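Here's the letter readout for the chains.
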Amino acid sequence: MKPTSETELAEMIRAADGPLCIQGAGTRGLSCDGDVLDTTGLSGVTLYDPGALTLVAGAGTTLTEVEDLLAKEGQRLAFEPRRLNALMGTSGETTLGGIVATNSAGPARIALGNCADHLLGVRFVNGAGEIVKNGGRVMKNVTGYDLVKLLAGSHGTLGVLTELSLKVLPQPETEATLAITGQTSAEAQKMMALALGSPFEVTGAVHIPGGDTLLRIEGFEDSVVYRTGKLSELTGAEVSLQGEASRARWADLRDLTMFSGGDADIWRLRLKPSDGPDAMARLQPGKALMDMAGGEIWLEHQAGDNLRSQLKGLNCDAQQIRGQGAERFQPQSPALAKLQSGLRAQFDPRGILNAGLMG
Amino acid sequence: MQMPQPDARVLDRKDRIIARLRAALPDCPVISDPRELHAYECDALTAYRCPPMCVVLPGSTEEVSAALRICHEEQAPVVPRGAGTSLAGGALPTADSVIIGVARLNQFLETDYTNRFIRVQTGVTNLSVTGQVQEDGFFYAPDPSSQLACAIAGNIAMNSGGAHCLKYGVTTNNLLGVTMVMMDGEVVEIGGEYPDAGGGLNLLGLICGSEGQLGIVTEATLRILHAPEGARPVMIGFDSNEVAGECVSDIIRAGILPVAIEFMDRPCIRACEAFAKAGYPDVEALLIVEVEGSEDEISHQLSLIKDIAMKHNPAEFRESTSSEESAAIWLGRKSAFGAMGQINDYMCLDGTIPVSELPYVLRRIGEMSKDYGLDVANVFHAGDGNMHPLILFDANKPGDLELCEEFGADILKLCVEVGGCLTGEHGVGVEKRDLMDHQYAPVDIEAQLRVKDVFDPAWLLNSAKVFPLTHTENRRKGALPPSAS
Ligand SMILES: Cc1cc2nc3c(=O)[nH]c(=O)nc-3n(C[C@H](O)[C@H](O)[C@H](O)COP(=O)(O)OP(=O)(O)OC[C@H]3O[C@@H](n4cnc5c(N)ncnc54)[C@H](O)[C@@H]3O)c2cc1C
């Protein structure tokens, strides 16, 4: 099924007599049982107002199309959505709907928030085939409940997103990367916390075990020079990359290209940054990336093994990104699980949208 | 504005309900003396008043839970209350309701600079959170003008914003987790001590801004940030509102993102100047633009802003020259509502529009003001298009309030028409409740009502707010529609 309009989609959902598997370009490998519902026909930018910092586009619009359009005006999606093609070994162009449904965000999330923080409005079709809108296209909106936030990251289990309205931001004039080599994860975590606890507006802090610890600074040229100098004094890290070279490095980190290939499973942990080194010590992963100053760890793990048993007692969410054989999402407390299944039953009374995907 | 008839069955049980609350909560004030209840009969939207049945002021999450369990068993409506500064009537009681207030939940629980969060009980005031971490160079970013008085509880319920939200985001962007008690007394932990904690559906984002209708929030974990090295406001005066609006959109368009861009027109400037002696220029429209960073960073950004402003022939371009002056400039701005209130009765609106529509909307408001014969003063967060037109009226003149409300509704409809919304930070409450149909189709509203069905199936929590009463009538009377099974 490949609807080309919201009304057509609504009819298809109303007519469906079994589970539906909602797919954008399928780059994230999140499939489930049911007839495939392809959203790529719901595409196109419907409004772009650079002076109001907003963009509205169909959920099937590719990220590349949006980013190219924004670049022409010197703007960008500041939450740095990730493309997972390299990590998942998938081809195809990531869609905006896929980004929003997974609430994807890259290293900038530590300073600028996730996709939900930049999502201003949604239109979606719920499991009963009703077309619903929430939010709008303005920066501040508290009119009624914030279903926008709820839909972000709902992995298609509450509705099929059709149109998204996003806040965009100016592209900084330039950027630079500071690096330090050979730190332990504990040293790196302390250093990153120091940098983030400074007034110098770090917009990326990652550590690659066995490699570098990197900090990113963005802004006007003189300001970047000034702040990298200050951070260098504070942390001992040295400027290693500037301008385009720095941008290219962070694009690789954002898209997690270091995890391309291999047979291992890939997991993503979210936890308090100061718990990062403990998690690393327990898991001893072959390959890992500590993003978010240590608060978001991407790592390789033995195929088929549920690593959650090794993280007992740590306050941590583990999500399996690549691989099979474990519950993909972190199990919820009974109270939260009850609220979530209650909400799902309201949005999708027949339980046909990406059934079972989020537990 | 109408409120539902109080439920006579609940009123009949009043004595028993109060007695049960007192018995279950021996250490906790349960107020039922009519004189003492006066203090709770309204919030900052003082046009509407009604004393509740009683007020409970719990001192712990457990006490909130115990109180809610009793109210749930007795099927008594509950109105959560923070500091009572809502401008939308969010904390307005009904005669059959029990107010549960967080005033005694005022502990700071944990400060963690390594992971940059602070955990508080929600009765603490917004400003005191920054107060708690300021000595160590940190601050809590959302800064509603009411920050000296309003509680974190109300901030979360309303998803409050403030002048500096242009850069730092509103409450929802700075909230990491909450402890919430649901109407049946069950305590849930949502989110945690780091962004997106807990995985699963984004319930935290749903709770924030739900206007006290999904649960009572007793504890919150908030993101704290290191303060910038310095900050400086500049005042840019213009001969017309429209030109000031054009300047705002040019600044945004140019890729400079100041921390704040605030707007005031002449009536507000004069009122605020009388109040704060900030040295505001006497112009038709004033922008206060603030930038942050080191001395050099500040100068550089201000020079870029100056270049843009000069293209619009400003009547005045004046940088603050000292921290005292900066403080006075902000004091004046943040006191705008109070200062205006000393001069005139007014109704404060809160619609948001796309920034690029500012010049048009300001012009239309000016025209409508003439048609209605009521003056408007404007003071608002221009950088994110969040307008606060204050419609001036005379409360003692028969018919003036009604005329003012009609004018207000027209302005909000205009905001929706140009792609904006009814409320950017104050919330719907009772004030904008009956305008919701202008922004949302019935199916959009129904989707929201179904969310409340999950958290509060009996529709007891603050239920007469946010949605037009006709949409909620059956639910409030306890008859869930079959679709919600
Ligand atoms: C002079 C003035 C200036 C203002 N400036 C701003 C501004 O710049 N920006 C802005 O956003 N707002 C502003 N406001 C509005 C108001 O201050 C905010 O809405 C504030 O967040 C309300 O907080 P409160 O603690 O006073 O809440 P209350 O008024 O007590 O309640 C507000 C809402 O929250 C609910 N609630 C309270 N406690 C809880 C709880 N524990 N759990 C769940 N729900 C709860 C109530 O039921 C009600 O619906 C201003 C108000 C005034 C009077």
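Residues numbered from 1 in each chain as written. Chains lettered and ligands numbered in written order. Predicted model: local features only at pLDDT ≥ 70, side-chain atom pairs only at ≥ 80, totals over all residues. Heavy atoms only, no water.

Q: It is not clear to me how the overall build of chain A should be interpreted in this structure. Could you clarify?
A: Summing up its helical and strand segments, chain A has 12 helices and 17 strands in all. Computed over its C-alpha atoms, the radius of gyration of chain A comes to 21 Å, within 12% of the 21 Å expected for a compact globule of 359 residues. A burial count over chain A gives 63% of its 359 residues as buried. Partitioning the contacts of chain A with sequence separation of at least 6, the portion at a separation of at least 24 is 70%. (Helix = DSSP H or I, 4+ residues; strand = E, 2+ residues; numbered from the N terminus. Rg over C-alpha atoms; globule rule 2.2 N^0.38 Å. Buried < 20%, exposed > 50% of the residue type's maximum accessible area, 1.4 Å probe, protein only. Contact = heavy atoms within 4.5 Å.)

Q: I tried to follow the site of the ligand on my own but got confused; where do I start?
A: Residues and elements named next belong to chain B. Near the ligand, the surroundings consist of 33 residues, among which Pro80, Gly82, Thr85, Ser146 and Ser160 are the closest. Ala151 places a main-chain nitrogen or oxygen 2.9 Å from an oxygen atom of the ligand. Here the ligand, which alone exposes 980 Å², has 94% of that area covered by the protein. Mapped by element, the contributors of at least two residues to the shell around the ligand are β3 (78-81), α6 (152-158) and β10 (216-223). No other element matches the 5 residues that α6 contributes to the shell around the ligand. Taken together, the residues of the shell around the ligand break down into 15 nonpolar, 15 polar and 3 charged. Residue-level mapping places the shell around the ligand at the junction of two domains, with at least three residues from each of domain 1 (8-101) and domain 2 (108-226). (Near = heavy atom within 4 Å. Polar contact = N/O pair within 3.5 Å; in protein donor to acceptor, adjacent residues only side chain to side chain. Areas by Shrake-Rupley, 256 points an atom, 1.4 Å probe, with all protein chains shown as cover. Nonpolar A, V, L, I, M, F, W, Y, C, P; charged D, E, K, R; others polar. Domains from an automatic or database assignment.)

Q: How should unusual backbone geometry be read in this particular structure?
A: Among all residues save glycine, negative phi is the norm, and among peptide bonds the norm is trans. Residue and element names in this part refer to chain B. Although it is not a glycine, Arg116 sits at a positive phi angle of roughly 55 degrees. Position of Arg116 among the secondary structure elements: in the loop between β5 (108-112) and β6 (117-121). The residue Asn313 is not glycine, and still its phi comes out positive at about 50 degrees.

Q: What am I meant to see in the confidence of the model for chain B here?
A: Close inspection of predicted coordinates is inappropriate in any region flagged by low pLDDT. With 99% of its residues at a pLDDT of 70 or more, chain B shows a mean pLDDT of 95. For this predicted complex, the interface confidence reaches an ipTM of 0.97, while the overall pTM sits at 0.97. (pLDDT = per-residue confidence, 0-100.)

Q: Just to check I follow, could you spell out the interface of chain B and chain A for this structure?
A: Taken together, the 93 residues of chain B in the interface contact 73 residues of chain A. Across the chain B to chain A interface the summed buried area is about 6500 Å²; carbon plus sulfur atoms make up 57%. Among the residues chain B hides against chain A, the three largest losses belong to B:Tyr194, B:Leu201 and B:Arg253. Together they make up 11% of the total. Inspection of the region where chain B meets chain A yields 9 salt bridges. For the salt bridge of B:Asp444 with A:Lys133, the shortest nitrogen-to-oxygen distance reads 2.8 Å. (Buried area = accessible area lost by both parts, 1.4 Å probe. Salt bridge = Lys/Arg side-chain N within 4 Å of Asp/Glu carboxyl O.)

Q: Where do I start with the pattern of salt bridges in this structure?
A: Note on pairing: side chains with opposite charge can pair once their charged atoms come close. Residue and element names in this part refer to chain B. Under the criterion given, the structure shown has 51 salt bridges over all chains. Among the salt bridges present, the one from Glu284 reaches Arg266, with a minimum N-O distance of 3.1 Å. Taken together, the positions of Glu284 in the loop between α10 (266-276) and β14 (285-292) and Arg266 in helix α10 put the pair 18 residues apart, joining distant regions of the chain. According to the relative accessible area criterion, Arg266 is partly exposed, its value standing at 24%. In this structure, Arg475 and Glu446 form a salt bridge, with 2.9 Å as the shortest nitrogen-oxygen distance.

Q: What exactly am I supposed to notice about a negative patch on the surface here?
A: On the surface, A:Glu173, A:Glu221, A:Asp222 and B:Asp296 cluster together into a negatively charged patch. Structurally, A:Glu173 is set in the loop between β9 (169-170) and β10 (174-181). Note on A:Glu173: relative accessible area 49%, which makes it partly exposed. (Patch = residues over 30% accessible without salt bridge, like charges linked within 9 Å, V, L, I, M, F, W, Y side chains within 5 Å. Lys, Arg positive; Asp, Glu negative; His and termini not counted. Charge placed at Lys NZ, Arg CZ, Asp CG, Glu CD.)

Q: In this structure, what is going on with the sheet that holds strand β12 (residues 231-238) of chain B? I would like to understand it.
A: Through backbone hydrogen bonds, the strands of a sheet pair up, either in parallel or in antiparallel fashion. All names here are of chain B. Ordered in space as β15-β12-β14-β13-β17-β18-β16, the 7 strands form an open sheet in which the pairing is antiparallel. Every other strand in the sheet has two partners, leaving β15 (316-319) and β16 (345-348) as the edge strands with one partner each. For this sheet, the mean angle separating the axes of adjacent strands, direction not counted, is 20 degrees. Pairing geometry for β16 and strand β18 (residues 389-393), over 4 bridges, is antiparallel. Bridge pairing in β18 links Asp345 to Phe393. Each of β16, β17 (376-381) and β18 is contacted by helix α13 (residues 336-343), which is oriented at about 145 degrees to β16, the strand it contacts most. The strands touched by helix α14 (residues 358-372) are β13 (260-265), β17 and β18; relative to β17, the strand with the most contacts, the crossing angle is about 160 degrees. (Pairing = 2+ DSSP bridges. Axes fitted to C-alpha atoms, helices over the stretch in contact; angles between N-to-C directions.)

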